[in-house]
Amino acid sequence: MQTVAVIDYGMGNLHSVAKALEHVGAGKVLITSDANVIREADRVVFPGVGAIRDCMAEIRRLGFDSLVREVSQDRPFLGICVGMQALLDSSEENDGVDCIGLFPGQVKFFGKDLHEDGAHLKVPHMGWNEVSQRVDHPLWHEVPDMARFYFVHSYYIAAGLPDQVVGGGHYGVDFAAALADGSRFAVQFHPEKSHTHGLQLLQNFAAWDGRW
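Parameters at a glance
Residues numbered from 1 in each chain as written. Predicted model: local features only at pLDDT ≥ 70, side-chain atom pairs only at ≥ 80, totals over all residues. Heavy atoms only, no water. UniProt positions renumbered as here; feature names shortened; annotations may be inferred. Helix = DSSP H or I, 4+ residues; strand = E, 2+ residues; numbered from the N terminus. Rg over C-alpha atoms; globule rule 2.2 N^0.38 Å. Buried < 20%, exposed > 50% of the residue type's maximum accessible area, 1.4 Å probe, protein only. Contact = heavy atoms within 4.5 Å. Areas by Shrake-Rupley, 256 points an atom, 1.4 Å probe, with all protein chains shown as cover. Lys, Arg positive; Asp, Glu negative; His and termini not counted. Charge placed at Lys NZ, Arg CZ, Asp CG, Glu CD. Polar contact = N/O pair within 3.5 Å; in protein donor to acceptor, adjacent residues only side chain to side chain. Pairing = 2+ DSSP bridges. Salt bridge = Lys/Arg side-chain N within 4 Å of Asp/Glu carboxyl O.

The name given to the protein in an unreviewed UniProt entry is Imidazole glycerol phosphate synthase subunit HisH, with the source organism recorded as Pseudomonas azadiae. Regarding the protein, the relevant UniProt record gives this comment under Subunit (unreviewed entry): "Heterodimer of HisH and HisF." Per UniProt, the comment on the protein under Subcellular location (unreviewed entry) is "Cytoplasm".

Structure (structure tokens):
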């Protein structure tokens, strides 16, 4: 049976992610902060919620920045929400935070005065939103284009390489909802809270060989 390591650095919605992975039959799901367990896993999930400064402080304290760079190179790797944002170069949050830098680009604030078509948009962006599929990636298998996923975020990703944007979202501004590079895939939304389409994406991740 394959193992899926859900990285625990004290800043994630770990149990709901793990339960969703178990629900789709992903294998033996381990919530762990043990670097050796993470290195030995067949697949790795990197979730996260909260302020990026606190997240990056714990990630660096535990040495998980270098560990994430290592394990995401040679096996299926999934970043979720702040776990995705932590993979970028930097974030505007908390007056600027350097991140892990696996994906070029910056995490930017939606702003306090976000409008579209004359209407004020609330920040954080919270709720269901469509995701346009830019690339025919294996994780989109049987997920329809423009499917709706559940988002909770005040900051959005401005990707440095447009070719890495495999899913796009729009909320006042266009933003990267999903990024991919090699065996790395990352999403701004919460698949574990996104019902049928989110579970399908997790099932696809469980079956993915890390190539596309």
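After presenting the structure, the write-up continues.
Asker: Describe the overall build of the protein, naming the residues involved and giving the relevant values.
Answerer: Across its full length, the protein holds 6 helices and 15 strands. Radius of gyration (C-alpha) of the protein: 16 Å, near the 17 Å computed for a compact globule of 212 residues. Its C-alpha atoms put the protein at 55 × 40 × 30 Å along the principal axes. Buried positions account for 52% of the 212 residues belonging to the protein. At a minimum sequence separation of 6, the contacts of the protein that also span at least 24 residues come to 70%. Carbon and sulfur atoms make up 46% of the accessible area of the protein, which amounts to about 9,300 Å² in all. When the 17 basic and 27 acidic side-chain charges of the protein are each reduced to a single mean position, those positions are 4 Å apart.

Asker: Any chance you could break down the UniProt feature "active site" (unreviewed entry) in the protein for me, citing the residues and the numbers?
Answerer: Under the local residue numbering, the UniProt record ascribes the feature "active site" (unreviewed entry) to Cys81, His190 and Glu192. Spanning 112 residues, the named residues nonetheless gather at one spot, since no C-alpha pair among them exceeds 11.0 Å. Of note, Cys81 is situated in the loop between strand S4 (77–80) and helix H5 (82–85). Here Cys81 falls in the buried class, since its relative accessible area comes to 4%. If you trace the backbone, Glu192 turns up in the loop between strand S15 (184–187) and helix H6 (195–207). Among the residues examined, Glu192 registers a relative accessible area of 13% and is labelled buried. Sequence-distant contacts of Glu192, defined by excluding residues within four places in its chain, comprise Asn13, Ser16, Val17, Ala20, Ile80 and Leu202. Looking at Glu192, its side chain comes within polar contact range of the side chain of His190, at 2.8 Å.

Asker: With reference to specific residues and values, describe unusual backbone geometry.
Answerer: Excluding glycine, residues mostly have negative phi values, and the peptide bonds linking residues are mostly trans. The step from Val123 to Pro124 runs through a cis peptide bond, and the omega angle for that step is 15°. Locating Pro124 in the fold gives a position in the loop between strand S9 (119–120) and strand S10 (125–133). Of note, Glu142 is a non-glycine position whose phi angle comes to about 60°, a positive value. A residue is classified by how much of its surface remains accessible, and Glu142, at 60% relative accessible area, is exposed. Non-glycine residue His195 carries a positive phi angle of around 55°. Its location among the elements puts His195 in helix H6.

Asker: Give me the UniProt feature "domain: Glutamine amidotransferase" (unreviewed entry) in the protein: which residues, what numbers.
Answerer: The sites that UniProt annotates as "domain: Glutamine amidotransferase" (unreviewed entry) are residues 6–205. End C-alpha atoms of residues 6–205 are separated by 13 Å, and the span's content is 24% helix alongside 36% strand.

Asker: Provide a residue-level description of the sheet that holds strand S12 (residues 155–159), including the pertinent values.
Answerer: One open sheet holds the 4 strands; their spatial order is S6-S5-S7-S12, and the pairing between them is mixed. Among the strands making up the open sheet, the edge pair consists of strand S6 (97–98) and S12. By the bridge criterion, 3 bridges tie strand S5 (residues 88–91) to strand S7 (residues 103–109) in an arrangement that is parallel. Within S7, the position partnered with Leu88 by the bridge is Phe103.

Asker: Which residues make up the pattern of salt bridges, and what values do they have?
Answerer: Going through the model one piece at a time under the given rule, you end up with 5 salt bridges. For the salt bridge of Arg61 with Glu58, the shortest nitrogen-to-oxygen distance reads 2.9 Å. Remark: Glu58 and Arg61 occur in helix H3 (residues 52–61); sequence separation between them is 3 residues, near one turn of the helix. A residue is classified by how much of its surface remains accessible, and Arg61, at 58% relative accessible area, is exposed. One salt bridge in this structure joins Arg75 and Asp74, with 2.9 Å as the shortest N-O distance. Residue classification places Asp74 among the exposed residues on the basis of a relative accessible area of 56%.

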